[in-house]
Amino acid sequence: MSDLLAVSPAVPVRLPSPHLVDAAVLDRSLVEALLQSAARMQSIVDGGTTPLRGRILASLFFEASTRTRLSFESAMLRLGGQVISVQDALTSSSATKGESLEDTIRVVAGYADVIVLRHPEIGAADRAARVSSCPVINAGDGAGHHPTQALLDLFTIRAELGRLHSLRVGMSGDLKHGRTVRSLALMLSLFSDVELVFVSAPSLRMDAAILAELQRRRVPVTETIDLRSVAPTLDVLYQTRLQKERLPSPDAAHGLDLPIVNAALMRLLPPHAILMHPLPRVGEIAPEVDADARAAYFRQARNGLLVRMAVLHWLAGGR
Ligand code: NCD
C-alpha cells in the first residue's frame, strides 16, 4: 500500500507521486538502485514474468522519437503492463484545439498509472508533473533534460568499462542544444574522480548554468574545439548530432560542421575506450566505425529497454 488512499472503494485518491523530470531527484543511491534493477530486467524479458500487470503507461510525444518511445512502450509490455499512446501529439491530440499541456496531463493521468512525456519546450515535464496525479517521466523537454537517457548512458558505461568512477569522458557536438549531454554531465558528477571534456564550436558550448553547477560540484571540466587533440586521453567519447530543429533558422546551421568520428579518429582513441552516441546520428559518426568493437552505440540503445523497465518498475510498480 502506498500512495493510494481509498476514500471509498470506488473512488481512490492518489497522494502525490514521485516524478522523473531531471537529474535532481536522482541521488547516487537511487541511481545505483536503478542501475542494479536494470541489470536484473533481462531475467524478466527471458522469463516472461509480469510485475506491472494491470498497469497502464500513457506515452505522449509532442516531438519526434523512435528509440525513446518504442523502448518505453516495449519496456511496459515486457513488464506485463499495457500502453496507450499519442505518437504525434502536436498534431493529433487536443493540443491542436488549443488545449493546454496542463489540462491534457490532468485528463490523461486519470487514464494511466504513469505518463511518459516528450515535448519541445524546456520545462514542459516540470509543468506536467505539477498537475499530474500519477508519475511523469521526462522523455525530453526541448533543450532541457533527458534523465532516462542519462541513466541508460551510465548503465552502458558501467557495462562496457566496469566502473562509473575514475573516468575521463568527452562530450562532443552540439552541447548547447543537446539535452542528453546536460543530463549525463550532471549524473556523472555524482561519481568520484570523473573529469569532463566538452568539445564544441564556441557557438555550441555547454550551457553556462550546467558549467556553473559542475564547478560548484568540483568536477574538473576542460573545454576545447579540437577533438583530435583530446581523443587519446579519453575513456569515453560521447558524440552528438547538431540539433537543427533547435536552431533559430535553417540558415543558422551554416558553418556549424561538427567533427566527424571516422576510422582515422578512432585510431586516436585508446584501445580500452568506448564511443557512444544517443542516436540518431546524421553523419557525425561514419558508418565505417560500426565494425569497431569500441563502437557501443547500438548496445547503448538496446540498454534503453532494460533501464526504462527499471524506471517504470520504480514509478508504476508496487501499487
Ligand atoms: C536524443 C534526444 O531526443 O534528445 N535522442 C534519443 O532520445 N536517443 C538525441 C537526439 O535527438 O539527438
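This write-up is about the structure you can find in this document. Computed from a predicted model, the values in this text were never measured in an experiment.

Time to look at the overall build of the chain. If you tally the helices and strands in the chain, you get eleven helices and eleven strands. What you see for the chain is a C-alpha radius of gyration of 20 Å, in line with the 20 Å of a compact globule of 319 residues. Over its C-alpha atoms, taken along the principal directions, the chain stretches across nearly 65 × 45 × 40 Å. Within the span of the chain, comprising 319 residues, buried residues form 53% of the whole. Intrachain contacts of the chain at a sequence separation of at least 6 include 73% that bridge at least 24 residues. If you sum the accessible surface of the chain, you get close to 13900 Å²; carbon and sulfur atoms cover 54% of it. One finds the centroid of the 34 positive side-chain charges in the chain at a distance of 4 Å from the centroid of its 32 negative side-chain charges.

On to the nonpolar core. In a soluble, globular protein the nonpolar side chains are often hidden away together inside. Ranked by internal contacts, the top residues of the largest apolar core, which has 62 residues, are Leu151, Met171, Leu196 and Leu312. At nine residues, helix H11 (residues 297-316) tops the list of elements feeding residues into this core.

The next subject is the site of the ligand. What surrounds the ligand is the set Arg67, Thr68, Arg118, His146, Gln149, Arg179, Thr180, Arg241, Gln243, Pro278, Leu279 and Pro280. In the environment of the ligand, an oxygen atom lies 2.9 Å from a nitrogen or oxygen atom belonging to the side chain of Thr68. Between Pro278 and the ligand, the recorded distance is 2.9 Å, taken from a backbone N or O atom to a nitrogen atom. Across the complex, the protein chains shield 94% of the 320 Å² of accessible surface that the ligand would expose by itself. Sorting the residues of the shell around the ligand by element identifies helix H2 (67-78) and helix H7 (179-188) as the ones contributing at least two each. Among the residues forming the shell around the ligand, the class breakdown is three nonpolar, five polar and four charged.

A cluster of nonpolar side chains, contributed by Ile84, Val107 and Tyr111, occupies part of the molecular surface with about 280 Å² of accessible area. Positionally, Val107 belongs in helix H4 (residues 101-108).

Let us look at the sheet that holds strand E3 (residues 56-61). The strands that make up a sheet are held in pairs by hydrogen bonds between backbone atoms, and each pair lies either parallel or antiparallel. Across the sheet, which stays open at both edges, the four strands sit in the order E4-E3-E5-E6 with parallel pairing between neighbours. The outermost strands of the open sheet, each flanked by one partner alone, are strand E4 (82-86) and strand E6 (136-141). The sheet shows a mean angle of 15° between the axes of neighbouring strands, direction not considered. Both E3 and E4 contribute to a ladder of five bridges, which runs parallel. Its bridge partner lying in E4, Ser59 is registered against Ser85. Strand contacts of H2: E3, E4, strand E5 (114-119) and E6, with the helix running at about 175° to E3, the strand carrying the most contacts.

Basis of the calculations
In this convention, every chain numbers its residues from 1, walking through the sequence in written order. Thresholds applied to this predicted model are a pLDDT of at least 70 for local features of residues and 80 or more for the giving and counting of side-chain atom pairs; totals over whole chains, interfaces and linings are not thresholded and use all residues. Heavy atoms from the whole structure form the basis of all side-chain values; hydrogens and water molecules are not counted. Secondary structure is summarised from DSSP: a helix means a run of H or I of at least four residues, a strand means a run of E of at least two, and numbering begins at the N terminus for each. Based on C-alpha atoms, the radius of gyration is set beside the globule rule, defined as 2.2 Å times the residue count to the power 0.38. Buried residues are those whose accessible area, probed at 1.4 Å on protein chains only, stays under 20% of the maximum for their type, while exposed residues exceed 50% and partly exposed ones sit between those limits. When checking whether two residues touch, look at their non-hydrogen atoms; a contact exists if any pair is within 4.5 Å. Residue exposure ignores everything except the shown protein chains as possible cover, and the areas themselves are Shrake-Rupley values with a 1.4 Å probe. His is not counted, nor are the chain ends, whereas Lys and Arg count as positive and Asp and Glu as negative. Every charge is mapped onto a representative atom, which is NZ of Lys, CZ of Arg, CG of Asp or CD of Glu. Here the nonpolar core consists of buried residues drawn from Ala, Val, Leu, Ile, Met, Phe, Trp, Tyr and Cys, with membership extended through side-chain atoms lying within 4.5 Å. A single heavy atom is enough: if one lies within 4 Å of a molecule or strand, its residue is considered near that molecule or strand. Counted as a polar contact is a pair of N or O atoms within 3.5 Å, where, for protein atoms, one must be capable of donating a hydrogen and the other of accepting one, and residues adjacent in sequence contribute only when both atoms are in side chains. Side-chain classes follow a simple rule in which Ala, Val, Leu, Ile, Met, Phe, Trp, Tyr, Cys and Pro form the nonpolar group, Asp, Glu, Lys and Arg form the charged group, and the remainder, Gly included, forms the polar group. Note that patches include only residues with greater than 30% relative accessible area and no salt bridge, and the join distances are 9 Å for like charges and 5 Å for nonpolar side chains (Val, Leu, Ile, Met, Phe, Trp, Tyr). Each salt bridge in this description consists of a side-chain nitrogen of Lys or Arg and a carboxyl oxygen of Asp or Glu lying within 4 Å of one another. At least two DSSP bridges between two strands are needed for those strands to be called paired. Simply put, an axis is a line fit to the C-alpha atoms, just over the touching stretch for a helix, and the angle between two N-to-C directions goes from 0 to 180 degrees.

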